Amino acid sequence: MDILFIIYYGDFMKKCKRLYIILFSLFLIFLFFGYFIVYHQVQKNRLITDVSELVHNNFLGEVKFSNYSVSGKYLQIEDSMEEFFSDFYQQYQKVLSYSQDSQTKSLLSVSNYSKDGTDFVSSISFVEEQKSQYNQDMEKLLKYTKKSFIKDYIADLDISSYYKNLYNDMMFQNGIYHKLSNCRGVFLRNQEDMNQVYDVSLQVFKFLKKYADDWKIENNEIQFSTQTLVQQYTSLVSSIQ
């Protein structure tokens, strides 16, 4: 009996030990998954908070997160968003430089008329080239305000679909895309105004070429032979001044 009891007791203890190991393993698994769920929820909430603050930035200036409260892939999302807005801002500055270009501003000036002569070869070539390059750069800028471009930008990131979907949510559900759409409206109006400057400048040069014998520079002013030509010239120039 004693031997049988010892054997039985030994088996019972082995079974209890296995049960303890199984229960402890399950506890560790639940603990791990609990930590995993809590960690991701905390990181997601922090990301949402950071993005909600980011939206208050002036999108036509430098856009940066005020602080970094996330880590891991969530930080990668924020870094990528900053890179997106950095590229966006640089392209905006490039487009803005066209309207601030000193040569463009002086196209319809007496000094330029005197320098370029009556055929305006250099001025016309400059305007045509500038207009073409400006519109190419503007189209690059406008891409940043398009939903398809943003989605492709996110799709190219080396992160899982979960983080890509989260990134999409941050861009399209937290006011960012709405503000980018507002920027798009501003850009399109600016593009229209800038193209008018180029187009009118070309019209002025063609007008001056056509009536090359009917105007001259005197006393640092352009003077025409008839009042009709004065009115036509003034009407053209005033449309962009």
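Rules of the game
Residues numbered from 1 in each chain as written. Predicted model: local features only at pLDDT ≥ 70, side-chain atom pairs only at ≥ 80, totals over all residues. Heavy atoms only, no water. Salt bridge = Lys/Arg side-chain N within 4 Å of Asp/Glu carboxyl O. Helix = DSSP H or I, 4+ residues; strand = E, 2+ residues; numbered from the N terminus. Buried < 20%, exposed > 50% of the residue type's maximum accessible area, 1.4 Å probe, protein only. pLDDT = per-residue confidence, 0-100. Contact = heavy atoms within 4.5 Å. Core = buried A, V, L, I, M, F, W, Y, C linked by side-chain atoms within 4.5 Å. Axes fitted to C-alpha atoms, helices over the stretch in contact; angles between N-to-C directions. Parallel < 35°, antiparallel > 145°, perpendicular 65-115°, else oblique. Left-handed = near helix turned anticlockwise from the far one by under 90°. Nonpolar A, V, L, I, M, F, W, Y, C, P; charged D, E, K, R; others polar. Phe/Tyr/Trp six-rings, centres within 6.5 Å; stacked < 30°, edge-to-face > 60°. Lys NZ or Arg CZ within 6 Å of the ring centre and 35° of its normal.

Overview of the pattern of salt bridges
Okay, step 1: This model, assessed by the stated rule, comprises 3 salt bridges.
Okay, step 2: The salt bridge partner of Lys-94 is Asp-137, with a shortest N-O separation of 3.7 Å. Of this pair, Lys-94 sits in helix α2 (residues 72-99) while Asp-137 sits in helix α5 (residues 121-143); the two residues are 43 residues apart in sequence, bridging distant segments of the chain.
Okay, step 3: When its relative accessible area of 40% is taken as the criterion, Lys-94 is described as partly exposed.
Okay, step 4: The partner of Lys-131 in a salt bridge is Asp-199, with the nearest N and O atoms 2.6 Å apart. Placement of Lys-131 in helix α5 and of Asp-199 in helix α8 (residues 176-210) is noted, with a sequence separation of 68 residues between them.
Okay, step 5: Residue Lys-131 is classed as partly exposed on the basis of its relative accessible area of 24%.

Quick look at the confidence of the model for the protein chain
Okay, step 1: Taken over all residues, the pLDDT of the protein chain has a mean of 87, while the share at 70 or more is 83%.
Okay, step 2: For the protein chain, helix α1 (residues 2-54) is the element with the lowest average pLDDT, namely 62, and α5 is the one with the highest, namely 97.
Okay, step 3: Scored below 50 in pLDDT, residues 26-36 makes 0 contacts in the model with residues more than four places away or belonging to other chains.

A short note on the nonpolar core
Okay, step 1: Membership of the largest hydrophobic core comes to 57 residues, with the highest contact counts inside it found for Tyr-113, Ile-176 and Leu-208.
Okay, step 2: Every element with two or more residues in this core is listed here: α1, α2, α5, α6 (147-155), α7 (161-172), α8, β2 (221-224) and α9 (227-238).
Okay, step 3: Element by element, the count of residues in this core is highest for α8, at 12 residues.
Okay, step 4: Each residue touching Leu-208, except ones within four places of it in the same chain, is listed here: Tyr-113, Thr-118, Phe-120, Trp-215, Ile-222, Phe-224 and Tyr-233.

Description of the packing of α2 against α8
Okay, step 1: Where α2 meets α8, the axes come as close as 11 Å, and the angle between the chain directions of the two elements is 20°. Of the possible angle classes, the one that applies to α2 and α8 is roughly parallel. For the crossing formed where α2 meets α8, the hand is left-handed. Residues Met-81, Phe-84, Phe-85, Phe-88, Tyr-92, Tyr-98 and Ser-99 of α2 pack against Ile-176, Leu-180, Cys-183, Phe-187, Met-194 and Tyr-198 of α8.
Okay, step 2: Of the residues belonging to the contact of α2 with α8, the class tally is 12 nonpolar, 1 polar and no charged.

Observations concerning the packing of aromatic side chains
Okay, step 1: Evaluation of the coordinates by the stated rule reveals 23 aromatic pairs.
Okay, step 2: Pairing Phe-149 with Tyr-153 gives two aromatic rings, centres 6.4 Å apart and planes at 40°, and the pair type is tilted. Here Tyr-153 and Phe-149 lie together in helix α6, a separation of 4 residues that amounts to about one turn.
Okay, step 3: For Phe-149, a relative accessible area of 21% translates into the label partly exposed.
Okay, step 4: Taken together, the aromatic side chains of Phe-59, Phe-84, Phe-85, Phe-88, Tyr-92, Tyr-144, Phe-149, Tyr-153 and Phe-187 make up a single cluster linked through ring pairs.
Okay, step 5: For the cation-ring pair, Lys-179 lies above Phe-59, with the distance from its terminal atom to the ring centre recorded as 4.6 Å.

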